[in-house]
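# Fold and contact review
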Amino acid sequence: MIITVTPNISLDKTLVVDGSFEIGKTHRVKEITYVPGGKGVNASRALLGLNYKAPVIGFIGGNTGKHILSIFDHEGIVYDVVNINGETRTCYNIVDVLNNTQTEILERGPEINENDIRLLEAKIIQYISEDTIVCMGGSLPAGAPIDLYVRLVNLIKSKGGKVILDTSGESLKEGIKSKPFAIKPNKAEVEAILSIKLDTIENIKTALKYFSEKGIELSVISMGKDGLYAYNNEKYYKVTPPVLKALNAVGSGDSTVAGIALGLEQKLDITEVLRLGAAMGTANVLTLKPGEVRKEDVENILPKVEVTTI
Ligand SMILES: Nc1ncnc2c1ncn2[C@@H]1O[C@H](COP(=O)(O)OP(=O)(O)OP(=O)(O)O)[C@@H](O)[C@H]1O
Ligand SMILES: [Mg+2]
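Before going into details, it helps to say that this report is about the structure given with it. (Residues numbered from 1 in each chain as written. Chains lettered and ligands numbered in written order. Predicted model: local features only at pLDDT ≥ 70, side-chain atom pairs only at ≥ 80, totals over all residues. Heavy atoms only, no water.)

With that out of the way, let us pick up the site of ligand 1. Near ligand 1 you find 21 residues, and of these Asn186, Ser222, Gly224, Gly227 and Gly253 are the closest. Between an oxygen atom of ligand 1 and a main-chain N or O atom of Gly253, the distance comes to 2.8 Å. Side-chain polar atom of Thr282 to a nitrogen atom of ligand 1: 3.0 Å apart, as the coordinates give it. Taken by itself ligand 1 offers 640 Å² of open surface, and the protein chains cover 87% of this. Secondary structure elements with two or more residues in the shell around ligand 1: helix 8 (252-265) and helix 9 (270-284). Considering every element that reaches the shell around ligand 1, the biggest residue donor is helix 8, with four residues. (Near = heavy atom within 4 Å. Polar contact = N/O pair within 3.5 Å; in protein donor to acceptor, adjacent residues only side chain to side chain. Areas by Shrake-Rupley, 256 points an atom, 1.4 Å probe, with all protein chains shown as cover. Helix = DSSP H or I, 4+ residues; strand = E, 2+ residues; numbered from the N terminus.)

Shown next as structure tokens:
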């Protein structure tokens, strides 16, 4: 089975303001949308698009937390959450359609403690067997130790589960030390942690090889509309999606992780795992909501994805 773990779930509010957005001024909201966000949440939403119910596991608190769970119920997303003290964070995106600007205001969120982490571990462990794939990632909540992902990856591995870790910065650097089965940073995230420019095939291969030497079986670097590069079992792969008009690319990486998880769960060949990952990432750009993937789009895109060894 597939589960998703998101330690820092948020309620993402998009506020489309009337007229120009100006600092220090009062604005009226023309349109508002609320979407529960976070990497694992987006991956569960993407999997649901292919009729696969992967429970969302993470911390939830307060009225915002309750609101998120009611939206999950409405969407059909299944969940199994740890209730914490404090209020789940809200992230605001203020959209000005006149000037085409977006201004983000991100709450820090509640502080979690050691007891919350133990409850999360107890929750996760119930799902883990040798057939479990865990999509895990995103930023860490306030109060979480920098090695939270190391702890969780080690726990999941100890029961034979496979983790696809999708995070960035220090938590990725740390997380790699626990040798998750797979990682899927994007280009900028790799450039930041390895201080390398991914503008040549040689450098991309160097980065993939580096992750492999650290003990990661499947390393994937996503490159937006240019697709993916990957390394598995002594082979490098280049995966190219079809060119299409993007509506909203946010959550494409999370949808790619969902596709890779589904391919692994179905025990597909690596080329098909990568094809499904890219097709789901690409299908995500055709919808407005992060992680919203339509089955018919994936079916149309799949045969148009090119997978070659390089
Ligand atoms: N404009 C696009 N056109 C076609 N496919 C795209 C486009 N943007 C993304 N994709 C697909 O989605 C995959 C992941 O995209 P990207 O590299 O942007 O992920 P990301 O930066 O991790 O995204 P996020 O963190 O917001 O989920 C790409 O490898 C590609 O297959
Ligand atoms: Mg990403």
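Turning our eyes to something else, we now look at the pairing of strand 9 (residues 162-166). Counting buried positions along strand 9 yields four of five residues, so the element is predominantly enclosed. For the handedness criterion, the β-α-β arrangement of strand 8 (residues 133-137), helix 4 (residues 148-158) and strand 9 is classed as right-handed. Since strand 9 and strand 10 (residues 182-183) lie parallel, the crossover through helix 5 (residues 169-176) that links them has a hand, and here it is right-handed. (Buried < 20%, exposed > 50% of the residue type's maximum accessible area, 1.4 Å probe, protein only. Right-handed = clockwise from strand over helix to strand, strands pointing away.)

It is worth spelling out the packing of aromatic side chains at this point. For the coordinates displayed, the defined rule picks out three aromatic pairs. Aromatic pair Phe72 and Tyr79: ring centres 5.7 Å apart, planes at 35°, arrangement tilted. With a relative accessible area of 28%, Tyr79 lands in the partly exposed category. The ring centre of Phe181 lies 5.1 Å from the NZ or CZ of Lys162, which sits over that ring. When the ring centre of Tyr236 is taken as origin, the NZ or CZ atom of Lys205, which lies over that ring, is 5.1 Å away. (Phe/Tyr/Trp six-rings, centres within 6.5 Å; stacked < 30°, edge-to-face > 60°. Lys NZ or Arg CZ within 6 Å of the ring centre and 35° of its normal.)

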